[in-house]
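Remarks on the overall topology
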Amino acid sequence: MAAPDELFCWEGDWGLPSVSTDCLVVLAYAQFAGAPLKLRKISNPWRSPSGSLPALRTNQKETLSRPSDIIIHLRKQKFNADYDLSAKEGADSLAFISLMEEKLMPALIYTFWIEPKNYVDVTRRWYAEHMPFPLNFFLPGRMQRQQLEKLRLLRGDERLEAGEELEKELYRDAVESMNLLSQRLGSHKFFFGDSPSSLDAYVFGHLAPILKCKLPNGKLQQHLKSLDNLTNFCTNILQLYFPKDGRESFNQKTSSQSEGGDFDHVPNKRRKQFLSALVALGAMLSYALLTGMVSIQHAHHEALEEPPDLQDIGSHHDHEDEGDG
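Before going into details, it helps to say that this report is about the structure given with it. Quick caveat: nothing in here was measured; it's all calculated off a predicted structure.

Details of the overall build of the protein
In terms of regular secondary structure, the protein is built from 11 helices and 4 strands. For the protein, the proportion of its 325 residues judged to be buried stands at 49%. A total accessible area of about 16700 Å² is found for the protein, and carbon and sulfur atoms account for 51% of it.

The structure is reproduced here in structure tokens:
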């Protein structure tokens, strides 16, 4: 029997299987479709086969990073949560997913990565506390710059800057999209009948972080909580498909950190930390040399640029991190 595909995701927190929207989308879809993935929850994107999260390493050693590509791959493996959808339902699903990408995702990026108090008090702090040294010093800032570029791309404005006017516009679009999703869901458990589909995975991935994370600026959360059916929708998915995440967050974190620890067998803690720091610093220096950020020929005291950057985004399952069948 072929080995299962491996899914690498950001760790979870706040009662969620992952802190990342993209990871939540993939994790939810895999659960809905019953895909037997081997789950790796990590807090160091450099341990991912793609250098970003989420990432799926197939048993053919192919690596996929975009949620849509991962879902297409799982469908090809006969794990299709949209199997029973009609043609019209399939078209509706694509339309609502596009709506979220265009109207809701920009507000999510702004809320977690751009809004100053949210970013400093919650987002940057979370990644700095969970990433290993020395990555925690520069990766959160690089990730923020990536998210700003993504926001500019989504908005089609290269010179877009944070400000009160932009915030109002983004939140207005997000509220509109939440209202449309709420109207479409109505009193149903899922968007298309009694079984969840890819649309349910995308809605859950976008709304669950807003619902569960305690943010200093919680305007989106206030509106989401006023839409009872969407709030119950997220809560039901967590209870049905990720029941362990709230209870086992500490165990999950422990198993994630020991996941691939190269020095976990070293008994001396100080020696282990020293070796880990050496490996990380070596990787940084190698990257700097390869990309020309540091030149051996020029020994001038020039300010070095910050090292490279990665993208954002873990999940549930049993303590062995095996995906449920």
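Having seen the structure, we can now continue with the description.
With respect to the packing of aromatic side chains
Under the counting rule described, the total for this entry stands at 12 aromatic pairs. Between Trp-10 and Trp-126, the ring centres sit 6.4 Å apart and the planes meet at 75°, which makes this aromatic pair edge-to-face. Here Trp-10, found in strand β1 (residues 6-10), pairs with Trp-126, found in helix α4 (residues 116-130); they are 116 residues apart in sequence, far enough to count as distant. By the ring-pair criterion, three or more aromatic residues cluster together here, those being Trp-10, Trp-113, Tyr-119, Trp-126 and Tyr-127.

Observations regarding the sheet that holds strand β3 (residues 55-57)
An order of β2-β1-β3-β4 is seen for the 4 strands of this open sheet, with the pairing classed as mixed. Only two strands of the sheet have a single neighbouring strand rather than two, namely β2 (38-42) and β4 (63-64). Lying over the sheet, helix α1 (residues 21-33) contacts β1 and β2, oriented at roughly 140° with respect to β1.

Examining the packing of α1 against helix α2 (residues 67-76)
One can describe the packing of α1 onto α2 by two numbers: an axis separation of 9 Å at closest approach and a directional angle of 15°. If you check the angle between α1 and α2, you find them roughly parallel. Note that α1 runs across α2; the crossing there is right-handed. Contacts between α1 and α2 involve Asp-22, Val-25, Val-26, Tyr-29 and Ala-30 from the former and Pro-67, Ile-70, Ile-71, Leu-74 and Arg-75 from the latter. Considered class by class, the residues forming the contact of α1 with α2 number 8 nonpolar, no polar and 2 charged.

Topic: unusual backbone geometry
A cis amide bond links Leu-53 to the next residue, Pro-54, at an omega of 0°. By the secondary structure assignment, Pro-54 is in the loop between β2 and β3. Look at the link from Phe-133 to Pro-134: it is a cis peptide, with omega at 5°. Relative to the helices and strands, Pro-134 is located in the loop between α4 and α5 (135-155). With phi around 60°, Trp-14 is a residue other than glycine that occupies positive phi space.

Description of the pairing of β1
In regular strands, side chains alternate between the two faces of the sheet. Burial within β1 is extensive, with 5 of its 5 residues counted as buried. As judged from the 5 bridges shared by β1 and β2, these two strands associate in the parallel manner. By the bridge assignment for β2, Phe-8 is matched with Arg-40. In this fold, the crossover linking β1 to β2 by way of α1 has right-handed handedness.

Observations regarding the pattern of salt bridges
Pairing between side chains of opposite charge can happen when the charged atoms of each approach one another. On inspection of all chains with the given rule, the structure shows 12 salt bridges. Asp-69 is the salt-bridge partner of Arg-66, the closest N and O atoms lying 3.9 Å from each other. When its relative accessible area of 53% is taken as the criterion, Arg-66 is described as exposed. With a relative accessible area of 30%, Asp-69 lands in the partly exposed category. For Lys-219, the salt bridge is made with Glu-167, and the minimal N-O distance between the two is 2.7 Å. Here Glu-167 lies in helix α6 (residues 164-185) and Lys-219 lies in helix α8 (residues 219-226), a separation of 52 residues in the sequence. Assessed through its relative accessible area of 43%, Lys-219 is described here as partly exposed.

Rules of the game
Residues numbered from 1 in each chain as written. Predicted model: local features only at pLDDT ≥ 70, side-chain atom pairs only at ≥ 80, totals over all residues. Heavy atoms only, no water. Helix = DSSP H or I, 4+ residues; strand = E, 2+ residues; numbered from the N terminus. Buried < 20%, exposed > 50% of the residue type's maximum accessible area, 1.4 Å probe, protein only. Areas by Shrake-Rupley, 256 points an atom, 1.4 Å probe, with all protein chains shown as cover. Phe/Tyr/Trp six-rings, centres within 6.5 Å; stacked < 30°, edge-to-face > 60°. Pairing = 2+ DSSP bridges. Contact = heavy atoms within 4.5 Å. Axes fitted to C-alpha atoms, helices over the stretch in contact; angles between N-to-C directions. Parallel < 35°, antiparallel > 145°, perpendicular 65-115°, else oblique. Left-handed = near helix turned anticlockwise from the far one by under 90°. Nonpolar A, V, L, I, M, F, W, Y, C, P; charged D, E, K, R; others polar. Right-handed = clockwise from strand over helix to strand, strands pointing away. Salt bridge = Lys/Arg side-chain N within 4 Å of Asp/Glu carboxyl O.

In short, the description is geometric, and any link to function would need to be established separately.
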